[in-house]
Amino acid sequence: MCYFGVKDTSTQSWVLSIRERALEGLWNGLEHRSRKQIKKAERNGLTADIVVPNSNICDQYYDLHIRTCMRNSISPHPKAYFQSLFSEVADAGLCKSCVVRDHVNLLSIQNFLIYKNTALYWTVASHEDALKLCANDYGMWKSIQHFSEAGLEYLECGEAFPSAPNGKLKGLNDFKKSFGGELYPYYRGKIVYQPVLEGVLEILRQFRSGGAAT
């Protein structure tokens, strides 16, 4: 891609093999931290449903998305992005959502792209109480169970940040790593139409991400 003027932004991703693995093996493959969080979620009475998303879930998801962005001081995506995800993509059988609740609140919605016998951890939005109730760990575990039982071969947990020393990126990397995956190359490129402007924006993004809440 670089020969065509595309900037190389390749990275790594955590990929978990779930093909023909028993539930006990998948459970034992989790890090201790993750197993502890999942057991805590079960004690908290959380429930998780794996569903094909629709317009109703889109409204619920976007409400959580706005709350998540405000909490982390980042700009939200346009609602049309998620409307497309929960209509065209879902209608094509390429998307599933894990909806986690407690006795009172909708805590989190995790969305997965389903393609070529593989699930990709795509987007997530969560309630303020999701972290202390361990909703995201619980949702990932129930999704792993679901995709394994459905006969999928791999779950890609998302971009890895193994060199992050601290902060939000380290927290994201530790979360994705805790489900027992391995690091794989993730090849991608970025078309830069205005290099000077893009350079300035990247500097501003670095300043902003450095001060964002975790």
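Residues numbered from 1 in each chain as written. Predicted model: local features only at pLDDT ≥ 70, side-chain atom pairs only at ≥ 80, totals over all residues. Heavy atoms only, no water.

**Describing the nonpolar core**
Going by this rule: For this analysis, a nonpolar core means a set of buried residues of the types Ala, Val, Leu, Ile, Met, Phe, Trp, Tyr and Cys, connected via side-chain atoms within 4.5 Å. Type-normalised accessible area, obtained with a 1.4 Å probe on protein chains alone, sets the label of each residue: buried when under 20%, exposed when over 50%, and partly exposed for intermediate values. We count a stretch as a helix when DSSP gives it H or I for four or more residues in a row; a strand needs E for two or more, and each element gets its number in order from the N terminus. In what follows, residue pairs with any heavy atoms lying within 4.5 Å of each other are defined as contacts.
Counting 30 residues, the largest nonpolar core has Ile18, Leu46, Phe112, Met140, Ile144, Phe147 and Leu155 as its most contacted members. Broken down by element, this core gets its largest block of residues, six residues, from helix H6 (residues 135-149). The residues contacting phenylalanine 147, other than those within four sequence positions of it, are Ile18, Lys96, Phe112, Ile114, Ala119, Leu152 and Leu155. Counting residues in each nonpolar core, the second largest holds 15 residues, with Cys58, Tyr61, Cys95 and Ile109 among its members.

**Regarding a positive patch on the surface**
Put simply, the rule is: The residues that make up patches have over 30% relative accessible area and no salt bridge, and they are joined within 9 Å when like-charged or within 5 Å when they are Val, Leu, Ile, Met, Phe, Trp or Tyr. Here the accessible surface of atoms and residues is derived via Shrake-Rupley with a 1.4 Å probe, and residues count as covered only by protein chains that are part of the display. Salt bridge, as applied in this entry: a Lys or Arg side-chain nitrogen positioned within 4 Å of an Asp or Glu carboxyl oxygen. Lys and Arg are tallied as positive, Asp and Glu as negative. Neither His nor the chain termini are counted. Each charge is placed at NZ for Lys, CZ for Arg, CG for Asp and CD for Glu.
Residues Lys36, Lys39, Lys40 and Arg43 make up a contiguous surface patch of positive charge. Within the secondary structure layout, lysine 39 lies in helix H2 (residues 32-43).

**Comments concerning the side chain of glutamine 110**
Here is the rule we go by: Whenever two N or O atoms come within 3.5 Å, that pair is a polar contact, provided that in protein one can donate a hydrogen and the other can accept it, and provided that, for residues adjacent in sequence, both atoms are side-chain atoms.
Of note, glutamine 110 is situated in strand E5 (residues 106-115). On the accessibility criterion, glutamine 110 (0% relative accessible area) is buried. Looking at glutamine 110, its side chain comes within polar contact range of the main-chain nitrogen of methionine 140, at 3.5 Å. Ignoring sequence-local partners within four residues, the contact set of glutamine 110 consists of Lys96, Ser97, Cys98, Tyr121, Thr123, Val124, Asn136, Gly139, Met140 and Phe175.

**Comments concerning the side chain of aspartate 102**
Residue placement: aspartate 102 occurs in the loop between strand E4 (95-101) and E5. In this structure, aspartate 102 is buried with no salt-bridge partner, the nearest side chain bearing the opposite charge being arginine 101 at 8.1 Å. Looking at aspartate 102, its side chain comes within polar contact range of the main-chain nitrogen of valine 104, at 2.7 Å.

**Considerations on the packing of aromatic side chains**
The cut-off we apply is this: We call Phe, Tyr and Trp rings a pair once their centres come within 6.5 Å, taking the six-membered ring for Trp, and we label the pair stacked below 30 degrees between planes, edge-to-face above 60, and tilted otherwise.
As enumerated under the stated definition, the model contains nine aromatic pairs in all. Ring geometry for tyrosine 61 against phenylalanine 86: centres 5.7 Å apart, planes inclined by 85 degrees, an arrangement best described as edge-to-face. With a gap of 25 residues between them, tyrosine 61 in helix H3 (residues 55-72) and phenylalanine 86 in helix H4 (residues 79-91) connect regions that are remote in the sequence. Taking the relative accessible area as the measure of exposure, tyrosine 61 reaches 1% and is therefore buried. The exposure class of phenylalanine 86 is buried, given its relative accessible area of 3%. Ring centres 5.2 Å apart and planes at 85 degrees place the aromatic pair phenylalanine 175 and phenylalanine 179 in the edge-to-face group. One exposure class covers both phenylalanine 175 and phenylalanine 179, and it is buried. Grouping aromatic residues by their ring pairs yields a cluster made of Tyr61, Tyr62, Tyr81, Phe82 and Phe86.

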